[in-house]
Amino acid sequence: MCDFPFFSLVCTGEIFELKAELNSDKKEKKKEAVKKVIASMTVGKDVSALFPDVVNCMQTDNLELKKLVYLYLMNYAKSQPDMAIMAVNTFVKDCEDPNPLIRALAVRTMGCIRVDKITEYLCEPLRKCLKDEDPYVRKTAAVCVAKLHDINAQLVEDQGFLDTLKDLISDSNPMVVANAVAALSEIAESHPNSNLLDLNPQTINKLLTALNECTEWGQIFILDCLANYTPRDDRESQSICERVTPRLSHANSAVVLSAVKVLMKFMEMLPKDLDYYGTLLKKLAPPLVTLLSAEPELQYVALRNINLIVQRRPEILKHEMKVFFVKYNDPIYVKLEKLDIMIRLASQANIAQVLAELKEYATEVDVDFVRKAVRAIGRCAIKVEQSAERCVSTLLDLIQTKVNYVVQEAIVVIKDIFRKYPNKYESVIATLCENLDSLDEPEARAAMIWIVGEYAERIDNADELLESFLEGFHDESTQVQLQLLTAIVKLFLKKPTETQELVQQVLSLATQDSDNPDLRDRGYIYWRLLSTDPVAAKEVVLAEKPLISEETDLIEPTLLEELICHIGTLASVYHKPPSAFVEGSRGVQHKRLPGSAGSGESADSPDTGSAAGVSEAPPAVIPSQGDLLGDLLNLDLTPPTTSGPPPAPSSGMQMGAMDLLGGGLDSLVGLLHAAPPVPQRTDTPQSPQLSHQSPSPPDYSPTEVGPGDHAGPVKARSPAMGAGFGAPPTAMPASFPPPVSGGLDDLFDLGGSVGMPMGAYSPPKSIWLPAMKAKGLEISGTFARRAGVIQMEMTLTNKAMSIMTDFAIQFNRNSFGLAPAGPLQVLTPVGPNQSIEVALPLSTVGPVMKMEPLTNLQVAVKNNIDVFYFSSQYPISMLFVEDGKMERQVFLATWKDIPNDNEAQFQIKDCHLNSDAASSKLQGSNVFTIAKRTVEGQDMLYQSMKLTNGIWVLAELRVQAGNPNYTVSTVVCHVLCLC
């Protein structure tokens, strides 16, 4: 029966009439009245006044009427909680009805009524329904547990519903299993640290058995659950893949993508030389190709997922290039996505086919698509070196068409090809110059000017060409003005006698007649360079440029792994992790592919092939948000994983002092005698590892600490560190690579880094954020303590082709509460190939969270291009404060009271300083000598340091004349212990 008449009858002033009909004795009239009420509610009319009358209609055997009343209750129970209690008895009664449909309907409705007063009455009916004999009731009750958990999580745990839900995974009915898995998964998402889905081989076997008999959405729930499981070995991984593979032929695209997600994850554990591995690759291609025959919206979702898959495993679709060829009736969003995938799959084997297709696209009528096609030709040239000549020839053919926007895009692309292959294709410059007058877009004009300036010695009339641009200098965009200034200076350095007047004219225009600070500053720099040292100017301006890398916009490997684990979800369409767009997802754990952190599988990703020799730890750069909206104030980055185990904590810390590090004061002892962390770059040497000796107990008497005393035994401690101290500064090599360390050995500044006779130790700058990871922004830096202030000294280098502005910085929570004391002061924009020095003062009043390693600092830097993330480690000496000199008697009492287990010992080798020189150098870094004595020709220095958070470090340094090896013993205590 059509319900349309009920909607047409909705009008004002009928509440009274409906009330009378609801209380009618005739069942049919009562049902018609309820339908009118639901129709009024549906169109937005307030019929809450009829709540008691509608509730009275619940007492009926008519299933249709009962459904309508339950629908009304779900809508108005929240606004009428006291009235909703009236329905509880009926719910409880319906949960015991002989009809399983009514039982399921009752428990489903009670779960949907989000009223706290009703939840306590729901427990008993729900418990019965979870063990109902009918599977339809059980599967409905399973979903109800998840709804109840969202309302009152503690109640669900206290009533034992979670355990019952876990038992349902072993249910004989596959739909009950699927709903139980879906409910547990939803609960686990809101509590990421709980281990609700305790997946083991037995459970996995049950899920795989249920998989074959579920509905399509039940299969998706089970497949998503399987994707969260990590197999024990490759044999189990292969077994699961074999049982999941039939899902690839399912008619529902969501099931197919969920199956692909499971297979992509478990393939990581399969050896590549396994026959089944090759078979699986072949089986994955057809279902992905089939998805592209659906309607455009589904095609787009499939293409976005395929984009991720080909970045991780391009061999899956390497023979399916033709399916990504654009059709004339494809929407523009499908065309652009297909174009991107074509470039990712381009190789020497299919490049001829790809270029022919791209050349055809360049004649389309859609201007945006044509531009992308022309740029794609350039990307092919950069990616496949053997095809570069053919790509250049294709671009020249397109230039001959004289279509304005095609010509301009081709010139921009050819400039990039010149950068990739210098002195190889310059013969085409003459053809480019013929189209000079038709250029009206800033990017194309700037590219042409760069070409003329870069190859001015090969262009006879280069001065005339650049002079023609100079006529409208003030009307040009900033990009063109900056490029024109540089090009004319290059021309002058190559042909000084012919272009002196031209260079004076452009310098005058840039410095005197321009309001743009970037242009003015660059003009002054060039002017001073040319007037003071033309040879230096030539070395700077005409320096050899780095080759541009493969320009395929690959997703950062860590982010790609996470997105692969989210195939078939919105994350795979947005190409962003869920935490970037799901509100309230701060506690979500980031997913990773199994075995990817050191299995060597990453070679499949084109972006990781050059990482040979790097530690097996995941990249320190954390995935960017992908847009300019990243909220630096809300960063909560997870600490990076190191390749080695963290320092073993001491078990003897019994001080009872407040733990400012959030994880035990013994972490500091571990830092001072543990091996330095693995450096982030392959060109930075690692410090030597620990060597261990057996400990012996310390024994000091109160009278032993004094400058002139020689009596009493000497302490012997446990581990000895072979940290590489260099020779004296005169013997240091001139270009020794900077060491990465966080221990006390840095304070002597004998690691071959910087010769500083006095003052606080400051390590040399190292690269924290390479340009290839940050879209051309390179950040190198170090930490220093100057006049009691910790500073983060950085060099920001722009290796991109565009200007960088609007810099900002934010730190994640860290062990010592380091935070910027002010904004990042980058007062002028940073142009291409320019660097700027920045000193950022730091405070220690930020939020505290223990990091591994302890001195790890996670940083986010934002500019006008994107938000970038990196990790660095600061020397522990930066935290030593100026008032760290302890009174002698307090020092002695504190040293004696600290348990032996809190003491650590290590050795410093090849240090050629006497005790006085060592004491003086250490004092420059706020390591104060409290007392000194000599025992059997061995000088013993007793020293104290105080950290910014009030923790004290006490040390004993033994120096023997003629012996270049020092022995250091350290203990850690808290300021409260001194009271």
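The name an unreviewed UniProt entry assigns to the protein is AP complex subunit beta, from the organism Sparus aurata. Listed in UniProt under the heading Sequence similarities (unreviewed entry), the comment for the protein reads: "Belongs to the adaptor complexes large subunit family." What the UniProt record of the protein gives under Subcellular location (unreviewed entry) is the line "Endomembrane system".

Draft legend 1. Just the pairing of strand β10 (residues 856–862), in detail. Counted residue by residue, β10 has 6 buried out of 7 residues, so it is predominantly covered. Direction of pairing for strand β7 (residues 808–811) relative to β10: antiparallel, over a ladder of 4 bridges. Looking at the pairing, F811 lines up with V859 of β10. Judged from the 7 bridges that link them, β10 and strand β11 (residues 867–873) form a sheet pairing that is antiparallel. Across the sheet, residue V859 finds its bridge partner in β11, namely F870. What sits between β10 and β11 in their antiparallel hairpin is a turn of 4 residues.

Draft legend 2. Summary view of the packing of helix α2 (residues 15–22) against helix α3 (residues 27–42). Orientation of α2 relative to α3, taken along the N-to-C sense of each, is 145°, at an axis distance of 8 Å. Relative to α3, α2 is oriented so that their crossing is left-handed. Every residue of α3 that contacts α2 at L18, E21 and L22 is listed here: K29, K30, A33, V34, K36 and V37. For the contact of α2 with α3, the residue count by class is 5 nonpolar, no polar and 4 charged.

Draft legend 3. Structural view of a negative patch on the surface. Where like charges cluster on the molecular surface, the negative patch consists of E464, E467, E471 and E501. Its place among the elements puts E501 in helix α29 (residues 500–511).

Draft legend 4. Geometry of the pattern of salt bridges. For the structure shown, the criterion picks out 35 salt bridges. In this structure, the salt-bridge partner of E457 is K494, at a minimum N-O distance of 2.9 Å. Taken together, the residues E457 in the loop between α26 (442–454) and α27 (462–470) and K494 in helix α28 (residues 478–494) connect sequence positions 37 residues apart. For E837, the salt bridge is made with K765, and the minimal N-O distance between the two is 2.6 Å. Of this pair, E837 sits in strand β9 (residues 835–843) while K765 sits in the loop between β3 (723–724) and β4 (766–769), and the two are 72 residues apart along the sequence.

What counts, and at which threshold
- Residues numbered from 1 in each chain as written.
- Predicted model: local features only at pLDDT ≥ 70, side-chain atom pairs only at ≥ 80, totals over all residues.
- Heavy atoms only, no water.
- UniProt positions renumbered as here; feature names shortened; annotations may be inferred.
- Buried < 20%, exposed > 50% of the residue type's maximum accessible area, 1.4 Å probe, protein only.
- Helix = DSSP H or I, 4+ residues; strand = E, 2+ residues; numbered from the N terminus.
- Pairing = 2+ DSSP bridges.
- Axes fitted to C-alpha atoms, helices over the stretch in contact; angles between N-to-C directions.
- Left-handed = near helix turned anticlockwise from the far one by under 90°.
- Contact = heavy atoms within 4.5 Å.
- Nonpolar A, V, L, I, M, F, W, Y, C, P; charged D, E, K, R; others polar.
- Patch = residues over 30% accessible without salt bridge, like charges linked within 9 Å, V, L, I, M, F, W, Y side chains within 5 Å.
- Areas by Shrake-Rupley, 256 points an atom, 1.4 Å probe, with all protein chains shown as cover.
- Salt bridge = Lys/Arg side-chain N within 4 Å of Asp/Glu carboxyl O.
- Lys, Arg positive; Asp, Glu negative; His and termini not counted.
- Charge placed at Lys NZ, Arg CZ, Asp CG, Glu CD.

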